[in-house]
Amino acid sequence: MNFLLALLRRNFAADLAAAKLTAVRMVVQPAVYLFVFGHVVGGMLPAQSGYAAVMAPGMVAIAAVTGPFVTIGGSVISGYYFRTLEAWLLAPVSLGTLMAATVLGGMVNGLAGVGIVSVLVWLILGLAPQAPAFLVLTAAAGALLFSLFTLVVLLAPETPDKGQEVFSFLMMPMTFFGCTFYSYDMLEAPFNWLALLLPTTYIAEGLRAAYTPAAPHMDPSAVLAGLTVAAAILFPLASWAFRRRLGHFTW
Amino acid sequence: MAVSVDNATVAYPSGTRAVEGLSLHIRRGEIYGLLGLNGAGKTSLIKAVATLLRPTAGSIRVLGLDTRERPADIKRRIGVVPQENNLDTYLDVRRNLLFHCHYAGVAKKECAPRVEKWLALLGLEQKAGERVLHLSGGTKRKVMLAKAFLTDPELLILDEPSAGLDPEIRSLLWEQVREFRSSGGTVLLSTHYLEEAERLCNRVGVLHRGRLVAEEPAGGSVEAVFRRATGEAP
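Residues numbered from 1 in each chain as written. Chains lettered and ligands numbered in written order. Predicted model: local features only at pLDDT ≥ 70, side-chain atom pairs only at ≥ 80, totals over all residues. Heavy atoms only, no water.

Caption draft 1: Here's a closer look at the overall build of chain A. Counting its secondary structure elements, chain A contains 10 helices and zero strands. Starting at the N terminus and ending at the C terminus, chain A contains elements arranged as α-α-α-α-α-α-α-α-α-α. The C-alpha atoms of chain A give a radius of gyration of 18 Å, which matches the 18 Å a tight globule of 251 residues would have. Its C-alpha atoms give chain A principal-axis dimensions of about 60 × 40 × 30 Å. Residue pairs at least 24 apart in sequence account for 79% of intrachain contacts in chain A once pairs closer than 6 positions are excluded. When the accessible surface of chain A is totalled, it reaches about 10800 Å², and 74% of it is carbon and sulfur. (Helix = DSSP H or I, 4+ residues; strand = E, 2+ residues; numbered from the N terminus. Rg over C-alpha atoms; globule rule 2.2 N^0.38 Å. Contact = heavy atoms within 4.5 Å. Areas by Shrake-Rupley, 256 points an atom, 1.4 Å probe, with all protein chains shown as cover.)

Structural data, given as structure tokens:
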């Protein structure tokens, strides 16, 4: 437990050390997106389209999935180049604890981003979640999935810089085809089938269900099933990548 | 025994065997010097003793514990200065040391006094608030030394700790290592400096192509031991 808390405090200290960058990523960028796409573009569309209510949960979903990548990706990549991974591996904890602490760090950053963007959504678009508990559940599951996903992508390749390229390549389609800027019911075949393969779809649709239960969204039970299947696939993969790369540390 | 390496082989995923069938025993309270040319297997052996690499054959026991079965318990009792610095570049010197204490599970109230003591001992007070990213190589090395001593280890594992240090800091390191030994600690030291091995070590072992080819008390000429064992100049 001490190690988990220490690593969380270290992540917080690292974020503070890069406070300007952190503020731009966590506050300024989502605020600009919400203002332009939600307020300005949303205002140009017919009122019944309710585009602001469609895209705002998508922005919250993006915060949930990018936070883990920034925290875990930053730790793994700087840990590779500056060898801080080695310092953490020399801490008197098991590999399982180190993985739990790493994943928790990613989740906390993802949830912090969700909290900030939720406030921005309320301030800029006047929208508040109707089912806050479901928002927290979906956002936490999303942050967990992308913490595990980041570990797989960065630790499975020979070096994490190769993983970073793969991540950039995957992140774009996941965001654009994963129902972040539109809802699932707007899609037609074959894109609706493709979207079902992407975890971002379930996160964004779950957040839509939390924000506006009356508007079209994927059924919450389908959201939970999708998130559970994704976790069941990603958890063993992340554990395997973590143990393979860090159990016999050759970097 | 502080370290017992029995017929250990350490291999990399590429298949390269950095250490092969090596046996080595270090008594408690001893300073053991590990010598060898570049690529002899010193760093791989040191990483295996520090539990970072798993032996693919044979066994390694540190302070009576098997490195494969009890790595966390071993890490609680060792201090390590790896060949390359592993400081957290996002943090300043003081926070690097404080977080190192926290990771190691040192009681919270003990962390700050220990950190201040080692900052003073190594003359790092003026640098305490600076981010390590901006420090000189020698100063970073001093911070690494402070980290190794900070958790009151029973075994110090030093992989070329004095590489790149100026003579003044090097003698400070030697002083700290001697003091550590006089208080009952054990040291495994890898070095390229034969003078360092002669001055500090009780015994030296020479590694060549992953094998221990000589092991002698460090009293005589270490250079002669090295030449005899490897057939090459150090």
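Caption draft 2: Up close: the overall build of chain B. Looking only at helices and strands, chain B features eight helices and 10 strands. What you see for chain B is a C-alpha radius of gyration of 17 Å, in line with the 17 Å of a compact globule of 234 residues. When the backbone C-alpha atoms are referred to their principal axes, chain B occupies close to 45 × 40 × 35 Å. Among the 234 residues that make up chain B, the fraction classed as buried is 56%. Look at the contacts in chain B between residues 6 or more apart in sequence, and 63% of them connect residues 24 or more apart. Accessible surface for chain B amounts to roughly 9800 Å². Of this, 46% is attributable to carbon and sulfur atoms. Charge centroids of chain B, computed over 33 positive and 28 negative side chains, lie 4 Å from each other. (Buried < 20%, exposed > 50% of the residue type's maximum accessible area, 1.4 Å probe, protein only. Lys, Arg positive; Asp, Glu negative; His and termini not counted. Charge placed at Lys NZ, Arg CZ, Asp CG, Glu CD.)

Caption draft 3: Focus on the confidence of the model for chain B. On average, residues of chain B carry a pLDDT of 92, and 100% of them reach 70 or more. With pTM at 0.91, the complex prediction returns an ipTM value of 0.92. (pLDDT = per-residue confidence, 0-100.)

Caption draft 4: Broad picture of the pairing of strand β8 (residues 186-190) of chain B. All names here are of chain B. Most of β8 is tucked away, with five of its five residues classed as buried. Neither face of β8 is open: one carries Thr-186, Leu-188 and Ser-190, the other Val-187 and Leu-189, and all of them are buried. Two elements, strand β7 (residues 155-159) and β8, share five bridges in a ladder whose sense is parallel. Bridge assignment links Ile-157 to a residue of β8, and that residue is Leu-188. (Pairing = 2+ DSSP bridges.)

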